[in-house]
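Topology and contacts: notes
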Number of protein chains: 2
Amino acid sequence: MLPLLTRIDHVGIACRDLDAAIGRYEATFGLQVVSLEVNEEQGVREAMLGVGRAVATGDLRPGYVQLLEPLGPDTPVGRFLARRGEGLHHVGYGVQDIGQALDAIGVRGVRLLDERPRHGSMGASIAFLHPADLGGVLTELVQAAGPA
Amino acid sequence: MLPLLTRIDHVGIACRDLDAAIGRYEATFGLQVVSLEVNEEQGVREAMLGVGRAVATGDLRPGYVQLLEPLGPDTPVGRFLARRGEGLHHVGYGVQDIGQALDAIGVRGVRLLDERPRHGSMGASIAFLHPADLGGVLTELVQAAGPA
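Residues numbered from 1 in each chain as written. Chains lettered and ligands numbered in written order. Predicted model: local features only at pLDDT ≥ 70, side-chain atom pairs only at ≥ 80, totals over all residues. Heavy atoms only, no water.

Notes on the interface of chain A and chain B
Our working rule: Any two residues having at least one pair of non-hydrogen atoms within 4.5 Å are treated as being in contact. As used here, buried area is the combined drop in accessible area, with a 1.4 Å probe, of two parts when they are placed together. For this analysis, a polar contact is any N or O atom pair within 3.5 Å, provided that within protein one partner can donate a hydrogen and the other can accept it, and provided that sequence-adjacent residues contribute only side-chain to side-chain pairs. Segments assigned H or I by DSSP are reported as helices when at least four residues long, segments assigned E as strands when at least two residues long, and all are numbered from the N terminus. Any residue outside Ala, Val, Leu, Ile, Met, Phe, Trp, Tyr, Cys, Pro, Asp, Glu, Lys and Arg is labelled polar, Gly included; the first ten of those are nonpolar and the last four are charged.
Counting residues at the interface gives 48 residues for chain A, matched by 48 residues for chain B. When the two sides are added together, the surface that chain A and chain B hide from each other amounts to roughly 3600 Å², 65% of it contributed by carbon and sulfur. Viewed at the interface, chain B and chain A are joined by nine residue pairs in polar contact (both at pLDDT 80 or more). Of all the elements, strand 1 (residues 5-14) of chain A adds the most residues to the side of chain A that touches chain B, at eight residues. Here the side of chain A that touches chain B is composed, by residue class, of 25 nonpolar, 14 polar and nine charged.

Below, the structure is given as C-alpha cells:
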C-alpha cells in the first residue's frame, strides 16, 4: 500500500482568544503568523504559524501551528471549548491528491465527515475524518494549494 | 528572535490498546512502525510510525505518529485516558539544541516540566513544557539522536 500521508501538515489548537494565543506562540517560540483568516463555513477565526523551514518535497508547505478561535459558542470549536477547554483540537496530514485519498480511506472503513473536499487555510483543499474511527483523534487531510 | 522549532516532530496519541491502534494506522493510512519501545520512566509502551519522507534539513527525522499505551492506570497517560479518553495527548517539536531551548523558554515565563532533558523515543533527548502556560497543550521539545 502506498503511503497516503506526505507530512504532518499542522496541529490545530482551540483557543478562546486568538490574539493572546498568537502572542504566546510568538513570545515563547519565535513563531510567526503567515496567514490570518476567517472561515465562516467552519465558524473560526484562525492563524497559521510556520514551524521550521519550507522544504522542497513536491509541495512547499512547512508544518504549521494552527490557532482556532470560534466565531461563536454554537460552532464545532465553540462546543469543543465548552466541553474540553483550550488545547489540541485536531491534527492535519498532507496528501498529494485529496480526492484519491478520500476514496481510498472510505473503503477502509473510516467514516468521512466531509465526503467532498472543502475550503481550508491558505487555499488548501481539506476534509475531516471521523474521530470515532481513529481512536478519538479528529483527523484532517490537506492538499495544499498550488502545483501538486 | 531566532526560531527555536525546526519541525513538527510528532503528535502523541493516547490509546488503550497499542496493537489495535497500530493496526488502525497501518490499515487506514499505510503508515509503518519504525520504532517500538517501552519507556518505564514515562510509564508507556509506544510505537513511532513515520509520516512522509525523511528530509535532509540538518537532522534526519521525518514526522511521526506516536502511539502511547500506558503501562498502568497510575501513569501520566493512564490518568489522561481515565480523564479524557483516547485521543491527542501532546505535540512534539524538533529543536537543534534542547539545553539551549530550555534555557531560552524558561526565561520567557513558560514552566518546564523537565528542567533537564530526559530519554525519549529513538534515543532522542526530550523535555515537556507545562500545558497551563501554553493554552492547554502539553508540549514536548525533541532533540533527535545522532549528528546535530
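Quick notes on the pairing of strand 2 (residues 33-39) of chain A
Two faces make up the sheet, and in a regular strand the side chains alternate between them. Residues and elements named next belong to chain A. To keep things clear, this is the line we draw: DSSP-based pairing: two strands are paired if at least 2 bridges between them are found.
Bridging between strand 2 and strand 3 (residues 44-51) involves six bridges; their strand directions are antiparallel. Note that in strand 3 the partner of valine 38 across the bridge is arginine 45. Following strand 2, the chain reverses through four residues before pairing antiparallel with strand 3; glycine 43 in that reversal takes a positive phi of roughly 70°.

What to know about helix 2 (residues 76-84) of chain A
At 3.6 residues per turn, the α-helix brings residues three or four places apart onto the same side. Residues and elements named next belong to chain A. Formally: With a 1.4 Å probe rolled over the protein chains alone, any residue whose accessible area is under 20% of its type maximum counts as buried; one over 50% counts as exposed, and the rest are partly exposed. The arc in question is formed by the directions pointing from the helix axis toward the C-beta atoms.
Within the span of helix 2, buried status applies to Val77, Gly78, Phe80 and Leu81. One face of helix 2 carries all of its buried residues, which in axial projection span an arc of 160°. Those residues of helix 2 that are exposed and aimed more than 90 degrees away from the buried face are Ala82 and Arg83.

Some details on the sheet that holds strand 1 of chain A
Residue and element names in this part refer to chain A. Let me state the cut-off plainly: Structural elements are reduced to axes, namely lines fitted to C-alpha atoms, with helices fitted over the stretch in contact, and the angle between N-to-C directions of any two is expressed from 0 to 180 degrees.
One open sheet holds the eight strands; their spatial order is 2-3-4-1-5-8-7-6, and the pairing between them is mixed. Both outer strands of the open sheet, strand 2 and strand 6 (118-119), are each paired with one neighbouring strand and no more. Where strand 5 (residues 87-95) and strand 8 (residues 139-143) come together, four bridges link them in parallel fashion. Residue pairing across strands places tyrosine 93 opposite leucine 141, the latter belonging to strand 8. Helix 3 (residues 98-106) rests against strand 5, strand 7 (125-129) and strand 8 of the sheet, and its axis sits at about 15° to strand 7.

Regarding the relation of the copies chain A and chain B
Rule in force here: Only residues with pLDDT of at least 70 in both copies count here: their C-alpha atoms drive the least-squares fit that superposes the copies.
For the pair chain A and chain B, the superposition axis carries a translation of 0.0 Å, the fit reaches an RMSD of 0.0 Å, and the rotation angle comes to 180°. Expressed as a symmetry operation, the mapping of one chain copy onto the other fits a two-fold axis.

Details of the pairing of strand 5 (residues 87-95) of chain B
Residue and element names in this part refer to chain B. Counting buried positions over the nine residues of strand 5 gives nine, a clear majority of the element. Relative to strand 5, strand 1 (residues 5-14) is paired through eight bridges, and the arrangement is antiparallel. Directly across from histidine 10, in strand 5, lies its bridge partner glycine 92.

Focus on the confidence of the model for chain A
Residue and element names in this part refer to chain A. For clarity, the threshold we go by: Residue-level confidence of the predictor is summarised by pLDDT, bounded by 0 at the bottom and 100 at the top.
Averaged over all residues, the pLDDT of chain A is 91; the fraction at 70 or higher stands at 91%. Of the regions scoring below 50 in pLDDT, residues 55-59 engages in nine contacts with residues more than four places distant in sequence or in other chains. Across the interfaces of the predicted complex, the ipTM metric reaches 0.93, alongside a pTM of 0.93.

Some remarks on the sheet that holds strand 4 (residues 63-70) of chain B
Residues and elements named next belong to chain B. In space, the eight strands of this open sheet follow the order 2-3-4-1-5-8-7-6, with mixed pairing throughout. Where the open sheet ends on each side, the last strands, each with one partner, are strand 2 (32-39) and strand 6 (118-119). Two strands pair when backbone bridges link them, and strand 7 (residues 125-129) and strand 8 (residues 139-143) are joined in this way by five bridges, in the antiparallel orientation. Paired with leucine 129 across the two strands is threonine 139, which belongs to strand 8. Strand contacts of helix 1 (residues 18-29): strand 1, strand 2, strand 3 (44-51) and strand 4, with the helix running at about 155° to strand 4, the strand carrying the most contacts.

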